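The primary structure of each chain is shown beneath.
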Amino acid sequence: MLLIEDFMMVLKRNKISFFTGVPDSVLKKFSSVVDTYKSDRHQIAVNEGSAVSLGIGYYLARKKIACVYMQNSGLGNAINPIISIAHKKVYSIPMILVIGWRGSPGSIDEPQHMVKGKITLKLLKLLDIDYCVINEKKDLKKFNKLIREAKKNNSIVACLIKNNILKSKIKNKPKKLKNTKVVRENFIKILLKLIKKNTKIISSTGHTSRVLMKVRSDKKLTNGKDFYMVGGMGHSLSVSLGMNLQSKNMIVCLDGDGSVLMHMGSLFTGGFKNNVNLKHILLNNNSHESVGGQLTGAKNINFRLLSRSLGYKNYLIIKNNEEISKVLKKFLAQKSYSFLEVLIDPTFDTNLPRPKNLSNIKNSFIK
Ligand SMILES: Cc1ncc(C[n+]2csc(CCOP(=O)(O)OP(=O)(O)O)c2C)c(N)n1
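Predicted, not measured: the structure shown is a model, and the values here were computed from it. (Residues numbered from 1 in each chain as written. Predicted model: local features only at pLDDT ≥ 70, side-chain atom pairs only at ≥ 80, totals over all residues. Heavy atoms only, no water.)

Throughout the structure, instances matching the rule amount to zero disulfides. For Cys67, which is in no disulfide, the shortest distance to another cysteine sulfur is to Cys159 and amounts to 7.3 Å. With relative accessibility at 0%, the residue Cys67 sits in the buried group. (Disulfide = S-S within 2.5 Å. Buried < 20%, exposed > 50% of the residue type's maximum accessible area, 1.4 Å probe, protein only.)

Here it is, written out as structure tokens:
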């Protein structure tokens, strides 16, 4: 167990004052501290490569070291700017990585996390990044030493934190839920009733996939087949596009705002082909609900203009539960590539199933 207050103190003593990263459930307590900082001290990034790059920019402006946080699954996104810009043998730009270690050996986690968790230390070694694993207060000495090393050698260093290690002196107040918009479960229930038997749904990482699984089994709704994107956050639309180019059946991409932002360029790939059978639905709760509710800022995006300029032919929006059936029917009947934005309220449901037997899911989806 480690108090987040003690962890932050080490960073403070070393005058680390800029933070950027992609939220992670393991680092929820860390997020709850940096989320209170002003935007010149903390910036949530759309993906981990972007976070590393923001850290590089910070160093170029201030000659000071940034702290970049991420889940270990995001190391894949981070590797390009780490190796090609910041690495000791390239520009040698120092940085501190704080990595939430899902799937650490000995833990019980989802299959995709177990795979990444097993190779995380090997990846850091390959990247020539010195690291420490922090489990308790006494490990902070190692972390402190590493930060000094980064400063002295202009190098990247990392600390890894496993699930359930970070605690806080301050109790988080339970989030107040307003429920003025659409409830994700309601929307998914109606979607599953309206789609045809041969429809395929590709659902994005986190709660969207888990709610889809839950609604399907609780309500025994059998129309369509689901492919849950348990990882590969931000790639649901690209997977849907890849299928759509080969298939005549309707494909529904059920996306989240954090996920859309992560690899937003894929909206451009799809836009100009007039993919009649591909229906892109964004469940916009303006947050990374699955990992603690950190804000994405997606409510400030004008998706009507954005989707139109990227080649989508129609944009529809659902703002409350009463509109779901009518607008969704209209959306599914569109004969051109269309974008549906659904304004949802976060629900922070903790009682959601997790996709388990992934090869069965894949086989049944392909059938
Ligand atoms: C590359 C990568 N970075 C971070 C994560 C951790 N993560 C899982 S779900 C999620 C939030 C997704 O946000 P959004 O798409 O808005 O869906 P919501 O959680 O709101 O349902 C994050 C950051 C991840 N799985 N993969």
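Attention shifts here to the domain arrangement of the protein. Each domain of the protein was delimited in the assignment, giving domain 1 (2–167) and domain 2 (184–366). On a C-alpha basis, the centroid separation for the pair domain 1 and domain 2 is 31 Å. Contacts between domain 1 and domain 2 engage 16 residues on the former and twelve residues on the latter. Surface buried jointly by domain 1 and domain 2 totals about 1100 Å² across both partners, of which 61% is contributed by carbon and sulfur atoms. Where domain 1 touches domain 2, the interface holds one salt bridge. The partner of Arg354 in a salt bridge is Glu110, and the shortest N-O contact between them spans 2.3 Å. Along the contact surface separating domain 1 from domain 2 lie four residue pairs in polar contact (both at pLDDT 80 or more). The set of elements that each furnish at least two residues to the side of domain 1 that touches domain 2 consists of α2 (28–34) and α5 (111–126). Split into classes, the residues belonging to the side of domain 1 that touches domain 2 amount to five nonpolar, five polar and six charged. (Domains from an automatic or database assignment. Contact = heavy atoms within 4.5 Å. Buried area = accessible area lost by both parts, 1.4 Å probe. Salt bridge = Lys/Arg side-chain N within 4 Å of Asp/Glu carboxyl O. Polar contact = N/O pair within 3.5 Å; in protein donor to acceptor, adjacent residues only side chain to side chain. Helix = DSSP H or I, 4+ residues; strand = E, 2+ residues; numbered from the N terminus. Nonpolar A, V, L, I, M, F, W, Y, C, P; charged D, E, K, R; others polar.)

The strand order across the open sheet formed by six strands is β3-β2-β4-β5-β7-β6, and the pairing between neighbours is parallel. On the outer flanks of this sheet lie β3 (42–44) and β6 (130–134), each paired with one strand and no other. Direction aside, neighbouring strands of the sheet carry axes that sit 20° apart on average. Here strand β5 (residues 95–101) runs beside strand β7 (residues 156–162); their pairing, made up of seven bridges, is parallel. (Pairing = 2+ DSSP bridges. Axes fitted to C-alpha atoms, helices over the stretch in contact; angles between N-to-C directions.)

This structure, assessed with the given rule, holds one cavity of 30 Å³ or more. Taken as a whole, the largest cavity encloses approximately 40 Å³ of empty space. The wall of the largest cavity is formed by Ala86, His87, Lys88, Ile93, Leu127, Asp128, Ile129, Asn154, Ser155 and Ile156. When the residues that make up the lining of the largest cavity are grouped by side-chain class, the tally is five nonpolar, three polar and two charged. (1 Å grid on protein atoms, 1.4 Å probe; cavity = no way out; pocket = protein on both sides within 12 Å on 5 of 7 lines; lining within 4 Å. Points joined across faces, edges and corners; volume = space filled by probe spheres on them.)

The next subject is the layout of surface pockets. A volume near 290 Å³ is recorded for the second largest pocket. Take the lining of the second largest pocket: its biggest share by element is three residues, from helix α13 (residues 324–332). A class-by-class count of the residues in the lining of the second largest pocket yields seven nonpolar, four polar and five charged.

Turning our attention to the pattern of salt bridges. Evaluation of the coordinates by the stated rule reveals ten salt bridges. For Lys214, the salt bridge is made with Asp218, and the minimal N-O distance between the two is 3.4 Å. Of the two residues, Lys214 and Asp218 both sit in helix α8 (residues 207–219), four residues apart, roughly one turn of that helix. Note on Asp218: relative accessible area 47%, which makes it partly exposed. Overlapping salt bridges bring together Arg102, Asp109, Glu110 and Arg354 as one network.

Inspection of the region around the ligand gives 23 residues, with Glu48, Gly258, Ser259, Ser287 and Ser290 positioned closest. Interatomic distance of 2.7 Å between a side-chain N/O atom of Ser259 and an oxygen atom of the ligand. Separating an oxygen atom of the ligand from a side-chain N or O atom of Asn285 is a distance of 2.9 Å. Those elements that place two or more of their residues in the shell around the ligand are α8, α10 (257–262) and β13 (287–288). With four residues, α10 is the single largest residue contributor to the shell around the ligand. A class-by-class count of the residues in the shell around the ligand yields five nonpolar, 14 polar and four charged. (Near = heavy atom within 4 Å.)

Mapped onto the secondary structure, Ser32 falls in helix α2. Spatially, the C-alpha atom of Ser32 lies 9.9 Å from that of Gly293, the residues being 261 residues apart in sequence.

The next point concerns the packing of helix α4 (residues 75–86) against α5. Where α4 contacts α5, the two axes come as close as 12 Å, and the packing angle between them is 15°. Classified by the angle between their axes, α4 and α5 sit roughly parallel to one another. Along this stretch, α4 crosses α5, giving a crossing that reads as left-handed. Between α4 and α5, the residues in contact are Leu75, Gly76 and Ile79 and Lys116, Thr120, Leu123 and Leu124, respectively. Partitioned by chemical class, the residues of the contact of α4 with α5 number four nonpolar, two polar and one charged. (Parallel < 35°, antiparallel > 145°, perpendicular 65-115°, else oblique. Left-handed = near helix turned anticlockwise from the far one by under 90°.)

Running from amino to carboxyl end, helix α7 (residues 184–194) crosses α8 at an angle of 60°, the nearest separation of the two axes being 9 Å. On the basis of their axis angle, the class for α7 and α8 is oblique. Between α7 and α8 the crossing geometry is right-handed. Side by side, α7 and α8 meet where Arg184, Glu185, Ile188, Lys189 and Leu192 of the first sit next to His207, Thr208, Val211, Leu212, Lys214, Val215, Arg216 and Lys219 of the second. Among the residues forming the contact of α7 with α8, the class breakdown is five nonpolar, two polar and six charged.

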